[in-house]
Amino acid sequence: MREKLLAIGDDFWIEDDDGNRVFKVNGKAARMRDTFILEDASGNELSKIQEKKLSVRDKMTIERGDTKATVHKRLLGIRDHYVIEVDGGEDLKAHGNIVDHEYEIERDGDTVAEVSKKWFRVRDSYGVQMAEGQDVALILAITVCVDAMARG
C-alpha cells in the first residue's frame, strides 16, 4: 500500500509480492463523509468502507455482503489501539505504532496480520502480511480504516 495516496478522492492499487495489482481502493471525494470502496482487480466491489459522523469517537464501518464490521479507536491508553467488532464473527484488535505503520491485527490473542514499512525501501509504502486462511478483503479493509482514522 502507498500511504501518501490514501487521501479522500484518491484511488490506489494494492499489489501482491510480485508487484501485480490485486485490489484497488477507490476513494469517493464527493461524499459528506470518508468513503472508500475496496475492489478486486476487475473492478468488482468487495467492501464498502465509510466513516461514521457525529459519533462519540472515531468510527468507520466495513460492509461486505451481509457481513458488517465496525472499527473504532479505543479511548484508553497511550499507544494507538483499535477495536474491530465483526457482526456474527470474532472481534479483532489492531495495536502498535499505527502512525508509523508498524502494528499487528489480532483475533483472540493470535496475530492474523502484521503491517510494516520495514519490508520496503520506498518511503511511502508499507506491507500487510497475513496468516494463512484469513479473509484478505476484510483485513485490507481494516488496514484502510486504521490508516484513514490515524490521519484524521
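Everything below is about the structure shown above.
Conventions we followed
Residues numbered from 1 in each chain as written. Predicted model: local features only at pLDDT ≥ 70, side-chain atom pairs only at ≥ 80, totals over all residues. Heavy atoms only, no water. Helix = DSSP H or I, 4+ residues; strand = E, 2+ residues; numbered from the N terminus. Buried < 20%, exposed > 50% of the residue type's maximum accessible area, 1.4 Å probe, protein only. Areas by Shrake-Rupley, 256 points an atom, 1.4 Å probe, with all protein chains shown as cover. Expected span 1.5 Å × (residues − 1). Contact = heavy atoms within 4.5 Å. Polar contact = N/O pair within 3.5 Å; in protein donor to acceptor, adjacent residues only side chain to side chain.

Undergrad: Which parts of the structure should I look at to understand the overall build of the protein chain?
TA: The helix and strand tally for the protein chain stands at one helix and eleven strands. What you see in the protein chain, going N to C, is helices and strands ordered as β-β-β-β-β-β-β-β-β-β-β-α. Relative to its 152 residues, the protein chain shows a buried fraction of 40%. Accessible surface computed for the protein chain: about 8700 Å², of which carbon and sulfur atoms make up 42%.

Undergrad: I would appreciate a short explanation of helix α1 (residues 136-151) in the present structure.
TA: With 16 residues, α1 ought to run about 22 Å at 1.5 Å a step, and its terminal C-alpha atoms sit 23 Å apart, in line with that. Of all the 16 residues making up α1, 13 are buried; the element is thus mostly covered by neighbouring parts of the structure.

Undergrad: Sorry if this is basic, but what is going on with the environment of Glu85 here?
TA: Summarising the element assignment, Glu85 is placed in strand β7 (residues 80-86). Sequence separation between Glu85 and Ala69 is 16 residues; the distance between their C-alpha atoms is 5.4 Å. Beyond its immediate sequence surroundings of up to four residues, Glu85 is in contact with Lys68, Ala69, Thr70, His72 and Asp91. Within the structure, Glu85 has its side chain in polar contact with the side chain of His72 (distance 3.2 Å).

Undergrad: What is the right way to look at the environment of Ser125 in this model?
TA: Relative to the assigned elements, Ser125 resides in the loop between β10 (110-116) and β11 (127-130). Exposure remark for Ser125: the relative accessible area of 6% places this residue in the buried category. Separated by 24 residues in sequence, Ser125 and His101 place their C-alpha atoms 9.3 Å apart.

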